[in-house]
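Inside the fold
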Amino acid sequence: MDKIHSLTGMLDLYEDGDSSDLSKNIFETEKRIKNIFSNYYLKEIRTPALEDTDLFKRSAGDISDIVNKEIYSFHDRNEKSISLRPEGTASVIRSVIEKKLDQSTHKLWYMGPMWRYERPQKGRYRQFYQAGVEILGYPEGAPEFEMVSLVCSIVEEFNIPDCTLKINHLGSQENKKAYCDALIKFLEPLKKNLDKKDLERLARNPLRVLDSKNQDTQLILKDAPSLKEFLEPKSIELLEAIKNEFSDICNIEIDYTLVRGLDYYSGFVFEALSSNLGAQDSFLGGGRYDDLCSKLGGKELPSIGMAIGIERFASLISNSTHSDKILSFITLGSTLEAKTYKIAHRLRSLNKNIILDMQLSDSSLKAKLRRANKSGSEYAIIVGEEEFNSDKVIIKPLKDELKEQQTVSIDELFDFYKAL
Ligand code: HAM
């Protein structure tokens with residue numbers, strides 16, 4: 001029979017790792033990022049993976065690549081066009097409008113799979129995971145600082161190598177329009193030098209030409225008018241204040257050519273990059289989107305948000321950052337189980353910071369110790385027939401060769417475990 005394979009660009013992930021460390025790091029990243037989110041008093045929101053296709057057309061913009069080429073859309077049995085979400089922001093706003101929560105403020109986070117039909121390559125998948133944050137109902141000012149502080153906390157906690165946070169301000173609607181007009185005027189006589197993709201961008205959304213991957217276009221753009229000239233002083237001051245406040249934690253660069261791939265942004269935008277990632281170097285991105293809620297039929301709801309690409313982020317973290325303490329519980333002899341499980345149960349309730357791996361197989365001591373070493377256990381707690389009959393256990397250090405193994409009573413084991 002033919003084997004069934006996973007779909008192109010879609011990964012299977014195992015917490016204990018598979019051929020690479022990426023899987024392991026993804027779970028590790030998700031766990032630790034959730035802690036940081038709750039540190040910032042953000043509350044979780046879960047929305048469905050499938051939505052009405054119109055939601056993404058109206059939010060990301062009909063002219064964005066995401067809606068044009070990358071969206072997974074289907075017709076359901078009722079001939080309704082539904083899509084797998086390519087990102088989380090639109091669903092969050094759809095939900096707060098539907099629940100009539102769009103008159104109040106919210107600080108939310110989400111984590112889950114997103115789908116984009118892109119050409120897979122290193123760091124680019126068709127199903128990928130995002131951890132996102134949306135701060136709803138607050139106008140420009142404090143939330144921008146809170147958002148950059150959050151990004152810095154994440155970069156700091158994970159010690160991300162060679163990281164740069166690029167920031168920009170897209171200005172008011174009027175600033176943006178004036179700049180787009182100037183850009184069109186500059187590029188119009190040079191159209192013959194632009195490729196098909198950039199010509200399309202120029203016609204539909206001129207700001208996106210700034211994001212062109214074509215080297216020739218980038219050369220032409222060196223002489224283009226700068227967005228900076230079209231911004232109000234308060235927008236430039238905001239960028240400079242953020243750079244001044246946080247540059248000691250993270251390398252921050254004001255980049256007036258930074259534009260984002262989704263059309264709902266207005267005002268402050270940002271992207272975090274690492275040179276260790278290769279071509280797909282952006283592991284996080286976001287910005288302000290004050291008009292999205294009213295555009296989707298809700299109230300005026302000034303908002304800002306960001307999303308981390310978990311796979312890209314996880315490929316940057318080093319395994320040595322893993323700090324959980326693991327112990328292995330090894331029983332020898334099949335009659336010992338009932339009592340020893342109760343001991344393990346008590347141990348787990350005594351110290352919730354320790355991970356206790358109860359070894360379930362019927363294999364030899366040697367095989368069980370091998371597994372304990374592989375899992376990175378610091379100690380093995382061993383109970384054989386002899387120990388079992390005398391209410392004793394062996395504590396065997398696995399990492400520190402200078403420490404000797406000791407035989408202790410059950411009460412002594414409890415004290416030892418509590419103190420770890
Ligand atoms: P985005 O820049 O489209 O923004 O995606 C955020 C991050 O998701 C990217 O920086 C990247 O790390 C990751 N990512 C995107 N596409 C892929 C892919 N095909 N494979 C792997 N990783 C990928 C958004 O999605 C916005 N919703 C962010 C936001 C929230 N803005 C405001 N609130």
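In this text the structure is predicted, and so the values were computed from the model without any measurement. (Residues numbered from 1 in each chain as written. Predicted model: local features only at pLDDT ≥ 70, side-chain atom pairs only at ≥ 80, totals over all residues. Heavy atoms only, no water.)

Here Arg288 is to be found in strand E10 (residues 282-288). With 23 residues separating them in the primary sequence, Arg288 and Tyr265 have C-alpha atoms 5.6 Å apart. Beyond its immediate sequence surroundings of up to four residues, Arg288 is in contact with Tyr138, Pro139, Glu140, Pro143, Glu144, Tyr264, Tyr265, Ser266, Phe268, Pro302, Ser303 and Ile304. Polar side-chain contacts of Arg288 include one of 3.1 Å to the backbone oxygen of Tyr138. Within the structure, the side chain of Arg288 is placed 2.7 Å from the side chain of Asp290, a separation counted as a polar contact. (Helix = DSSP H or I, 4+ residues; strand = E, 2+ residues; numbered from the N terminus. Contact = heavy atoms within 4.5 Å. Polar contact = N/O pair within 3.5 Å; in protein donor to acceptor, adjacent residues only side chain to side chain.)

Buried residues dominate helix H4 (residues 89-98), accounting for 8 of its 10 residues. Taken together, the buried positions of H4 are Thr89, Ala90, Ser91, Val92, Ile93, Ser95, Val96 and Ile97. On its buried side, H4 packs onto strand E2 (50-52), helix H2 (53-60), strand E5 (106-115), strand E6 (127-136) and helix H10 (292-295). Of the residues one or two after H4, Lys100 is the one with positive phi, at around 55°. (Buried < 20%, exposed > 50% of the residue type's maximum accessible area, 1.4 Å probe, protein only.)

Looking now at the sheet that holds strand E16 (residues 406-409). A sheet is described by the order of its strands in space; here 5 strands give the open sequence E13-E12-E14-E15-E16, paired in mixed fashion. The open sheet has two edge strands, strand E13 (354-358) and E16, and neither has a second partner. The sheet shows a mean angle of 25° between the axes of neighbouring strands, taken without regard to direction. Two strands pair when backbone bridges link them, and strand E12 (residues 325-331) and strand E14 (residues 379-383) are joined in this way by 5 bridges, in the parallel orientation. Bridge pairing links Ser328 to Ala380 in E14. Where helix H15 (residues 410-419) meets the sheet, its contacts fall on E12, E13, E14, strand E15 (392-397) and E16, and the angle it forms with E16 comes to roughly 105°. (Pairing = 2+ DSSP bridges. Axes fitted to C-alpha atoms, helices over the stretch in contact; angles between N-to-C directions.)

This part takes up helix H1 (residues 22-39). Along an α-helix, a turn takes 3.6 residues, which lines up residues three or four apart on a common side. Over its 18 residues, H1 runs 26 Å from end to end, which matches the ideal 26 Å to within 8%, given 1.5 Å per residue. The complete set of buried residues in H1 reads Leu22, Ser23, Asn25, Ile26, Glu28, Thr29, Glu30, Arg32, Ile33, Ile36 and Phe37. Elements in contact with the buried residues of H1: E5, E6, helix H5 (142-158), strand E11 (303-309) and helix H11 (310-314). A positive phi of about 55° marks Tyr41, the residue just after H1. (Expected span 1.5 Å × (residues − 1).)

Let us now look at the packing of aromatic side chains. Per the counting criterion, the structure on display carries 9 aromatic pairs. Taking 5.7 Å as the distance between ring centres and 40° as the angle between the ring planes, the aromatic pair formed by Phe37 and Trp109 counts as tilted. Of this pair, Phe37 sits in helix H1 while Trp109 is found in strand E5, placing the two residues 72 residues apart along the sequence. When its relative accessible area of 7% is taken as the criterion, Trp109 is described as buried. Residues Tyr264 and Tyr265 carry aromatic rings whose centres are separated by 4.8 Å and whose planes lie at 55° to one another, so their mutual orientation is tilted. Per residue, the accessibility class of Tyr264 equals that of Tyr265, and both read buried. (Phe/Tyr/Trp six-rings, centres within 6.5 Å; stacked < 30°, edge-to-face > 60°.)

What follows concerns the nonpolar core. Formed by 90 residues in total, the largest nonpolar core has its most connected members in Phe37, Leu150, Phe283 and Met306. Broken down by element, this core gets its largest block of residues, 8 residues, from H5. In terms of nonpolar packing, the next biggest core, distinct from the first, is built from 18 residues, Leu327, Leu356, Val393 and Val408 among them. (Core = buried A, V, L, I, M, F, W, Y, C linked by side-chain atoms within 4.5 Å.)

So, about the site of the ligand. What surrounds the ligand is a group of 26 residues, the closest being Glu87, Glu118, Glu134, Arg260 and Tyr265. With respect to the ligand, the backbone of Tyr125 contributes an N or O atom lying 2.8 Å from a nitrogen atom. In this structure, Gln130 approaches the ligand through a side-chain N or O atom, which is 3.1 Å from an oxygen atom. For the ligand, whose accessible area on its own is 660 Å², the fraction buried by protein is 95%. Every element with two or more residues in the shell around the ligand is listed here: E6, E10 and E11. Broken down by element, the residue count for the shell around the ligand peaks at 6 residues, all from E10. (Near = heavy atom within 4 Å. Areas by Shrake-Rupley, 256 points an atom, 1.4 Å probe, with all protein chains shown as cover.)

A word on the packing of H2 against H4. Put simply, H2 and H4 touch, their axes get as near as 10 Å, and they point 110° apart. On the basis of the axis angle, H2 is roughly perpendicular to H4. Listed contacts from H4 to Leu55, Phe56 and Ser59 of H2 are Ala90, Ser91 and Arg94. Among the residues forming the contact of H2 with H4, the class breakdown is 3 nonpolar, 2 polar and 1 charged. (Parallel < 35°, antiparallel > 145°, perpendicular 65-115°, else oblique. Nonpolar A, V, L, I, M, F, W, Y, C, P; charged D, E, K, R; others polar.)

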